[in-house]
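Structural description and commentary
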Amino acid sequence: MGFKQFVKGRLKGCVYAFNGAATLIKTEPSIQVQIFLSIIVTAMGFYFQITTTQWMFQCFAIGLVLTAEGINSAIEAVADFIHPDFHVKIGHIKDIAAGAVFFAAVIAIIIGLIIYIPYFQDLMQPLFA
Ligand SMILES: Nc1ncnc2c1ncn2[C@@H]1O[C@H](COP(=O)(O)OP(=O)(O)OP(=O)(O)O)[C@@H](O)[C@H]1O
C-alpha cells in the first residue's frame, strides 16, 4: 500500500468515526445526558476557575464516561442485531457492558467530588461564619 493510499484510508477512518460520534449524540439518550452533564461541569470549571491539573482530570473523566457509554451503545446495538428477542445471555452481555459504564461513572463522580467539594466549602463558608 502506497503512502498516499495509507493517508487517504486514515482520513476516511476519521470521517467514519466523526459520523459515528454525531450519530451517538443525535440518537443515544444516555450520551445526550452525559453531554448535558459535561456542559454543566465545564461551566462549573469556568465559574470556580479550577486549576490546569483539575481541568485535565475533568476532561479525562468526561472522555472516560463518553467512551464507555459509546462502547456500551455499540455492544447493545450488536446484541439487538444478532438476537432481537429476549435471551438470558443477551441480558448478561448488556448487563456487563452497562457495568463497564458504571465503573467509569463512579471514577468520574469521585474525581468531581475531589475537585468541587473544596470550592463548595469555600462558597458556603460565609453562610456559617
Ligand atoms: N434481548 C434481551 N434479552 C434479555 N435481557 C435483556 C434484553 N434486552 C435488554 N435486556 C435487559 O434489560 C437491560 C436494559 O437493556 P436495554 O437494551 O434497554 O439497555 P438500556 O440501558 O435501556 O439502554 P440505553 O443504555 O440505550 O438506555 C439489560 O441490561 C438487560 O438486563
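It should be emphasised that the depicted structure is a prediction, and the values quoted were computed from it without experimental measurement.

**A look at the overall build of the protein chain**
- Along the protein chain, the regular secondary structure elements total four helices and zero strands.
- In sequence order, the protein chain lays out its α and β elements as α-α-α-α.
- Relative to its length of 129 residues, the protein chain is extended, with a C-alpha radius of gyration of 20 Å against a globular reference of 14 Å.
- Considered along the principal axes of its C-alpha atoms, the protein chain spans approximately 65 × 45 × 20 Å.
- Here the protein chain holds 129 residues, and 12% of them are scored as buried.
- Within the protein chain, contacts between residues separated by at least 24 positions form 73% of all contacts whose residues are at least 6 apart in sequence.

**Overview of the environment of Ala21**
- For Ala21, the position within the fold is in helix H1 (residues 3–27).
- With 43 residues separating them along the chain, Ala21 and Leu64 place their C-alpha atoms 14 Å apart.

**Thoughts on the UniProt feature "transmembrane region" (unreviewed entry) in the protein chain**
- Mapped onto this numbering, the UniProt entry gives "transmembrane region" (unreviewed entry) at residues 31–49 and 96–119.
- In this annotation, residues 31–49 is assigned 95% helix and 0% strand; the end-to-end C-alpha distance for the span is 26 Å.
- In residues 96–119, helix accounts for 100% and strand for 0%; the two terminal C-alpha atoms are 35 Å from one another.

**Quick look at the site of the ligand**
- Within the structure, the ligand sits among Glu28, Pro29, Ser30, Glu76, Phe86, His87, Ile90, Gly91, Lys94, Asp95 and Ala98.
- Only helix H2 (29–48) and helix H4 (88–128) provide two or more residues apiece to the shell around the ligand.
- Tallying contributions element by element places H4 first for the shell around the ligand, with five residues.
- Across the shell around the ligand, the residue classes tally to four nonpolar, three polar and four charged.

Analysis parameters
- In this numbering scheme, every chain counts its residues from 1 along its sequence in written order.
- Local features in a predicted model are, by the rule used here, given only for residues with pLDDT of at least 70; side-chain atom pairs are given and counted only at 80 or more, and totals for whole chains, interfaces and linings are based on all residues.
- Only DSSP runs of H or I with at least four residues qualify as helices, and only runs of E with at least two residues qualify as strands; both kinds are numbered from the N terminus onward.
- In this treatment the radius of gyration is a C-alpha quantity, and the globule benchmark scales as 2.2 Å times the residue count to the 0.38 power.
- Here a residue counts as buried when 20 or more other C-beta atoms sit within 10 Å of its C-beta, as exposed when there are 12 or fewer, and as partly exposed otherwise, the C-beta atoms being derived from the backbone.
- Contact between two residues is assigned whenever their backbone-derived C-beta positions fall within 7 Å.
- UniProt positions are given in the numbering used here, feature names are shortened, and annotations may be inferred rather than shown by experiment.
- Using a C-beta atom placed from the backbone for every residue, we mark a residue as near a molecule or strand if that atom lies within 6 Å of it.
- Amino acid classes used here: Ala, Val, Leu, Ile, Met, Phe, Trp, Tyr, Cys and Pro are nonpolar; Asp, Glu, Lys and Arg are charged; the rest, including Gly, are polar.

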